[in-house]
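# Working through the structure, step by step
Here is how the chains run, residue by residue.
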Amino acid sequence: MAPGPAGRTPVFERRAAAGGGGAGGGAAEKVVALTFDADMTADQGPRAAAGERFDNPELVALLRRLKVPSTVFMTGRWAEEYPAQAKAIGADPLFEVANHSYSHHAFSSPCYGLPAVAKDAMTRDVERAFTAFREAGVRNVVPYFRFPGGCYDDTALHALAPADVTAVQWDVVGGDAFATDADAVARQVLDGVRPGSLVVLHCTRSAAPATEAAVRRIVPELRERGYRFVKVSELMEDGA
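Residues numbered from 1 in each chain as written. Predicted model: local features only at pLDDT ≥ 70, side-chain atom pairs only at ≥ 80, totals over all residues. Heavy atoms only, no water.

## Some words on the overall build of the protein chain
When you go through the protein chain residue by residue, the secondary structure sums to nine helices and nine strands. Compactness check: the protein chain gives a C-alpha radius of gyration of 17 Å against a globular reference of 18 Å for 240 residues, within 12% of the reference. For the protein chain, the spread of C-alpha atoms along the principal axes amounts to about 50 × 45 × 35 Å. Within the span of the protein chain, comprising 240 residues, buried residues form 53% of the whole. Carbon and sulfur atoms make up 52% of the accessible area of the protein chain, which totals about 10,300 Å². For the protein chain, the distance from the average site of its 26 positive side-chain charges to the average site of its 30 negative ones is 4 Å. (Helix = DSSP H or I, 4+ residues; strand = E, 2+ residues; numbered from the N terminus. Rg over C-alpha atoms; globule rule 2.2 N^0.38 Å. Buried < 20%, exposed > 50% of the residue type's maximum accessible area, 1.4 Å probe, protein only. Areas by Shrake-Rupley, 256 points an atom, 1.4 Å probe, with all protein chains shown as cover. Lys, Arg positive; Asp, Glu negative; His and termini not counted. Charge placed at Lys NZ, Arg CZ, Asp CG, Glu CD.)

Structure below.
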């Protein structure tokens, strides 16, 4: 995307549906982007060392079996903890890897209790994540960024402009964070999706244990409704 107004980082949230669906418009194209946040904060190393799992290889395997193109928003700390998985995801043309910060700290506060990143450290935090991807051998990296918690303000948009990324938000919240009811997660997604929607889910077993089971229902039901799954890059390329 082009730079945002007045030197701000541009923000992409949802593709404008083709035809608009209004009077005289054509039928809206049924495309939807499933995105998965691979979260791990900079200070969670001891928890990982004690056996807590911040990855979800079963979910990734399911997406491969179902042939669902997806965008994974990965933290640099996650790539450091799981370099082999990060490299494998990045090498698979089914996926693209985007930046979810290095630390998963907040870029504006308050933000779900996350510690805050100082304004003068924001660009450095994003660049550190890209460095972690390179060191893990991650390919298919796209210049997109997701704010931890989705929290941002005008100060953050100005501060991140030098990073040359596009911030990506969403219009459908999967509600899988800390959820244990896969059917409830699936219903929330299925009720919210519209042509051009961008769904946020998670790729972290410890914090989102129901996601894989929810996706098992979400994907076939959306396909039955005529939806096609795309990566965020395709939404941006085809969007108005």
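## Quick look at the side chain of Arg-77
Turning to its location among the elements, Arg-77 is positioned in helix H3 (residues 76-81). When its relative accessible area of 12% is taken as the criterion, Arg-77 is described as buried. Other than its neighbours up to four places away in sequence, Arg-77 contacts Met-40, Thr-41, Ala-42, Gly-45 and Tyr-102. (Contact = heavy atoms within 4.5 Å.)

## Quick notes on the packing of helix H2 (residues 57-66) against helix H8 (residues 211-224)
Where H2 contacts H8, the two axes come as close as 9 Å, and the packing angle between them is 20°. Taken together, the axes of H2 and H8 lie roughly parallel to each other. Seen along the crossing, H2 lies across H8 with a hand that is right-handed. Between H2 and H8, the contacting residues are Glu-58, Leu-59, Leu-62, Leu-63, Arg-65 and Leu-66 on the first element and Thr-211, Glu-212, Val-215, Arg-216, Val-219 and Arg-223 on the second. Partitioning the contact of H2 with H8 into residue classes produces six nonpolar, one polar and five charged. (Axes fitted to C-alpha atoms, helices over the stretch in contact; angles between N-to-C directions. Parallel < 35°, antiparallel > 145°, perpendicular 65-115°, else oblique. Left-handed = near helix turned anticlockwise from the far one by under 90°. Nonpolar A, V, L, I, M, F, W, Y, C, P; charged D, E, K, R; others polar.)

## Observations concerning the environment of Ala-38
Inspection of the secondary structure puts Ala-38 in strand S2 (residues 31-38). Sequence spacing of Ala-38 and Arg-225 is 187 residues, and the spatial spacing of their C-alpha atoms is 28 Å. Residues in contact with Ala-38, not counting those within four places in the same chain, are Val-72, Phe-73, Met-74, Thr-75, Trp-78, Cys-203 and Thr-204.

## Regarding the layout of surface pockets
Taken as a whole, the largest pocket encloses approximately 640 Å³ of empty space. Lining the largest pocket are 27 residues, with Asp-39, His-104, Ala-177, Phe-178 and His-202 sitting closest to its centre. Of the residues belonging to the lining of the largest pocket, the class tally is eleven nonpolar, eleven polar and five charged. (1 Å grid on protein atoms, 1.4 Å probe; cavity = no way out; pocket = protein on both sides within 12 Å on 5 of 7 lines; lining within 4 Å. Points joined across faces, edges and corners; volume = space filled by probe spheres on them.)

## A look at the pairing of strand S5 (residues 141-145)
As a general feature of sheets, a regular strand has side chains that alternate between the two faces. Bridge analysis of strand S4 (residues 95-99) against S5 gives two bridges, and the strand direction is parallel. Residue pairing in the sheet places Val-97 in a bridge with Val-141 of S5. For the crossover from S4 across helix H5 (residues 122-136) to S5, the handedness is right-handed. Examined bridge by bridge, S5 and strand S6 (residues 166-168) share two bridges and lie parallel to one another. (Pairing = 2+ DSSP bridges. Right-handed = clockwise from strand over helix to strand, strands pointing away.)

## Observations concerning the state of the cysteines
One pass over the full model with this rule turns up one disulfide. Through a disulfide, Cys-111 is tied to Cys-151; the S-S separation comes to 2.1 Å. In this structure, the disulfide formed by Cys-111 and Cys-151 twists by about 85° around the S-S bond and is classed as right-handed. Remark: Cys-151 occurs in the loop between S5 and helix H6 (154-159) and Cys-111 occurs in the loop between S4 and H5; sequence separation between them is 40 residues. Here the two residues Cys-111 and Cys-151 agree in accessibility, since each one is buried. (Disulfide = S-S within 2.5 Å.)

## What about the packing of aromatic side chains?
With the rule as written, the count across this model stands at six aromatic pairs. Aromatic pair Phe-107 and Phe-147: ring centres 5.7 Å apart, planes at 75°, arrangement edge-to-face. Here Phe-107 is found in the loop between S4 and H5, whereas its partner Phe-147 is found in the loop between S5 and H6, with 40 residues between them in sequence. Across the pair, Phe-147 and Phe-107 agree in class, each one buried. With centroids separated by 6.1 Å and ring planes inclined at 90°, the aromatic side chains of Phe-130 and Phe-133 adopt a geometry described as edge-to-face. With Phe-130 and Phe-133 both in helix H5 and three residues apart, this pair spans about one turn of that helix. Phe-133 matches Phe-130 in its accessibility class, with the two residues each being buried. When the ring centre of Tyr-102 is taken as origin, the NZ or CZ atom of Arg-128, which lies over that ring, is 3.7 Å away. The ring of Phe-73 is capped by Arg-146, whose NZ or CZ atom sits 4.0 Å from the centre of that ring. (Phe/Tyr/Trp six-rings, centres within 6.5 Å; stacked < 30°, edge-to-face > 60°. Lys NZ or Arg CZ within 6 Å of the ring centre and 35° of its normal.)

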